[in-house]
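Now for the letters of each chain:
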Amino acid sequence: MEQEMEMAISAIPMELSIGGRARFEQAWRTVRADLGRRARRLTRGDHDRAEDLLSRTALKAFLYICQSSERVRDAEGFLFLVLNHTFLDSARHHTREEKVIDHYVDL
């Protein structure tokens, strides 16, 4: 998971649009508290998972808004959409992992 984030960060082009950055920052500041509450609700109160979910959401939304700013009409709503999709991705990943890894095997 950390490798995935490091790869994503290293892939951020330094010449991202300034308008997209400002738009993301404004939207993030506006809905950060609500996103945090939603993330904690989705993770059933697990603070660490909620923070991980928020950081992944921020990175994905930042990259998309900076690269395709004109395609996002409502940046605040888009952040909630990305949060939901990021949560679903993590839930699917967790389900696949549970099928492969048997935690009850005594090594």
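One can find the structure itself at the top, above this paragraph.
Computed from a predicted model, the values in this text were never measured in an experiment.

Caption draft 1: Region of the structure containing helix α3 (residues 47-67). The end-to-end C-alpha distance of α3, which contains 21 residues, comes to 30 Å, matching closely the 30 Å that a straight helix rising 1.5 Å per residue would cover. Of all the residues in α3, the buried ones are A50, L53, L54, R56, T57, A58, L59, A61, F62, L63, I65 and C66.

Caption draft 2: The arrangement of the pattern of salt bridges in detail. With the rule as written, the count across this model stands at 6 salt bridges. Here E51 makes a salt bridge to R32, at a shortest N to O gap of 3.9 Å. One end of the pair, E51, is in helix α3; the other, R32, is in helix α2 (residues 18-42), and 19 residues separate them in sequence. For K60, the salt bridge goes to D89, with nearest N and O atoms at 3.5 Å. One end of the pair, K60, is in helix α3; the other, D89, is in helix α4 (residues 75-100), and 29 residues separate them in sequence. If you follow the salt bridges from partner to partner, you end up with K60, D89 and R92 in one network.

Caption draft 3: The arrangement of the nonpolar core in detail. Of all hydrophobic cores here, the largest spans 24 residues; its most connected members are F24, W28, L35, L79 and L83. Put simply, the parts of the chain that give this core at least two residues each are α2, α3 and α4. By residue number, the principal contributor to this core is α3, which donates 10 residues. Filtering out sequence-adjacent residues up to four positions away, L79 remains in contact with F24, A27, W28, V31, L35, T57 and A61.

Definitions and cut-offs
- Residues numbered from 1 in each chain as written.
- Predicted model: local features only at pLDDT ≥ 70, side-chain atom pairs only at ≥ 80, totals over all residues.
- Heavy atoms only, no water.
- Helix = DSSP H or I, 4+ residues; strand = E, 2+ residues; numbered from the N terminus.
- Expected span 1.5 Å × (residues − 1).
- Buried < 20%, exposed > 50% of the residue type's maximum accessible area, 1.4 Å probe, protein only.
- Salt bridge = Lys/Arg side-chain N within 4 Å of Asp/Glu carboxyl O.
- Core = buried A, V, L, I, M, F, W, Y, C linked by side-chain atoms within 4.5 Å.
- Contact = heavy atoms within 4.5 Å.

Purely geometric stuff here, so don't read any function into it on its own.
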